[in-house]
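The primary structure of each chain is shown beneath.
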Amino acid sequence: MSWDVFVQHFPPDIKSVAEIPDNFVSQPIGTREEIITKIKQIVPTANFSDKAWGIIDGSDFSIEVNLGNKDLLTGFAFHVRGSDTAAACVIEIFELLDLRAFDTATGDFLNPNQAAKGLQHWRTYRDKILSQKIQ
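Cut-off values and rules
- Sequence order as written defines residue numbering, which begins from 1 separately in each chain.
- Note on the predicted model: pLDDT of at least 70 is required for a residue's local features to be given, and 80 or more for side-chain atom pairs to be given and counted; whole-chain, interface and lining totals, by contrast, use all residues.
- With hydrogens and water stripped out, all remaining heavy atoms of the structure feed into the side-chain values.
- Per the convention used, a helix needs a DSSP run of H or I reaching at least four residues, while a strand needs a run of E reaching at least two, with both numbered from the N terminus.
- It is over C-alpha atoms that the radius of gyration is taken, and the globule rule equals 2.2 Å times the number of residues to the power 0.38.
- Under the scheme applied here, a residue whose accessible area is under 20% of the maximum for its type counts as buried, over 50% as exposed, and between as partly exposed, the area being computed with a 1.4 Å probe on protein chains only.
- In this analysis, two residues are considered to be in contact whenever any of their non-hydrogen atoms come within 4.5 Å of each other.
- Here the open area of atoms and residues is found with the Shrake-Rupley method and a 1.4 Å probe, where only the protein chains shown may cover a residue.
- For the purpose of counting charges, residues Lys and Arg are taken to be positive, whereas Asp and Glu are taken to be negative. His and the chain ends are not included.
- In plain terms, the charge of a residue is placed at NZ if it is Lys, CZ if Arg, CG if Asp and CD if Glu.
- For this document, the term salt bridge refers to a Lys or Arg side-chain nitrogen within 4 Å of an Asp or Glu carboxyl oxygen.
- Definition of a polar contact: a pair of N or O atoms within 3.5 Å, with one able to donate and the other able to accept a hydrogen when the atoms are protein atoms, and with sequence-neighbouring residues admitted only if both atoms are side-chain atoms.

1. Considering the overall build of the protein
Then comes step 1: The helix and strand tally for the protein stands at three helices and eight strands.
Then comes step 2: For the protein, the succession of helices and strands along the chain, N to C, is β-β-α-β-β-β-β-α-β-β-α.
Then comes step 3: In terms of C-alpha radius of gyration, the protein reaches 15 Å, essentially the compact-globule figure of 14 Å for 135 residues.
Then comes step 4: Projected onto its principal axes, the C-alpha coordinates of the protein cover approximately 45 × 35 × 25 Å.
Then comes step 5: Looking at the 135 residues of the protein, the share that counts as buried comes to 39%.
Then comes step 6: The long-range fraction of contacts in the protein, counting pairs at least 24 apart against all pairs at least 6 apart in sequence, stands at 57%.
Then comes step 7: Accessible area for the protein stands at about 7600 Å²; split by element, carbon and sulfur atoms hold 51% of it.
Then comes step 8: A gap of 4 Å separates the mean positions of the 13 positive and 18 negative side-chain charges of the protein.

This is the structure in structure tokens:
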């Protein structure tokens, strides 16, 4: 279970996910190697020994980076667990790439000024589900 964030080249003129046209197709964002290189500019310790599935470990968080198996990427996903520090890391990466991200916890674009909000929503949901399983 994780907080999932999907990064693509969403049109810059749309304000919310609800405005994405039904026929939207993301444009290429770069090769897998280009994206890995840029991620490593932010997090030099990121482990991409598996080029399709990277791992970023912080002192209090873990982020899996799902790049997939294609060389030319149209998007990728972050699967995040841990503290709010992870949200700041995600923001730094997608801003360096000059892309936008869809926050599955809020259902809209990830707002850099409120990035931790989605992660906090996910933790609340996770804790609720886990407490129900224990009972």
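2. A few points about the pattern of salt bridges
Then comes step 1: Counted under the stated rule, the structure contains two salt bridges.
Then comes step 2: When the shortest N-O distance is used, the salt bridge between Lys 51 and Glu 33 registers 3.7 Å. A residue pair is termed long-range when its members are at least 10 positions apart, and Lys 51 in the loop between α1 (32-42) and β3 (53-57) and Glu 33 in helix α1 qualify at 18 residues.
Then comes step 3: The class of Lys 51 is partly exposed, set by a relative accessible area of 37%.
Then comes step 4: Among the ionic pairs, Glu 64 bridges to Arg 81, the shortest N-O distance being 3.0 Å. Highlighted residues: Glu 64 in strand β4 (residues 61-66) and Arg 81 in strand β6 (residues 75-82), separated in sequence by 17 residues.

3. Observations concerning the side chain of Asp 4
Then comes step 1: With respect to the secondary-structure elements, Asp 4 resides in strand β1 (residues 3-8).
Then comes step 2: One buried charge, Asp 4, has no salt-bridge partner; the nearest side chain with opposite charge is Arg 81, at 6.3 Å.
Then comes step 3: There is a polar contact of 2.7 Å between the side chain of Asp 4 and the side chain of His 79.
Then comes step 4: In this structure Asp 4 touches Phe 78, His 79, Phe 102, Asp 103 and Thr 104, once residues within four positions along its chain are discounted.

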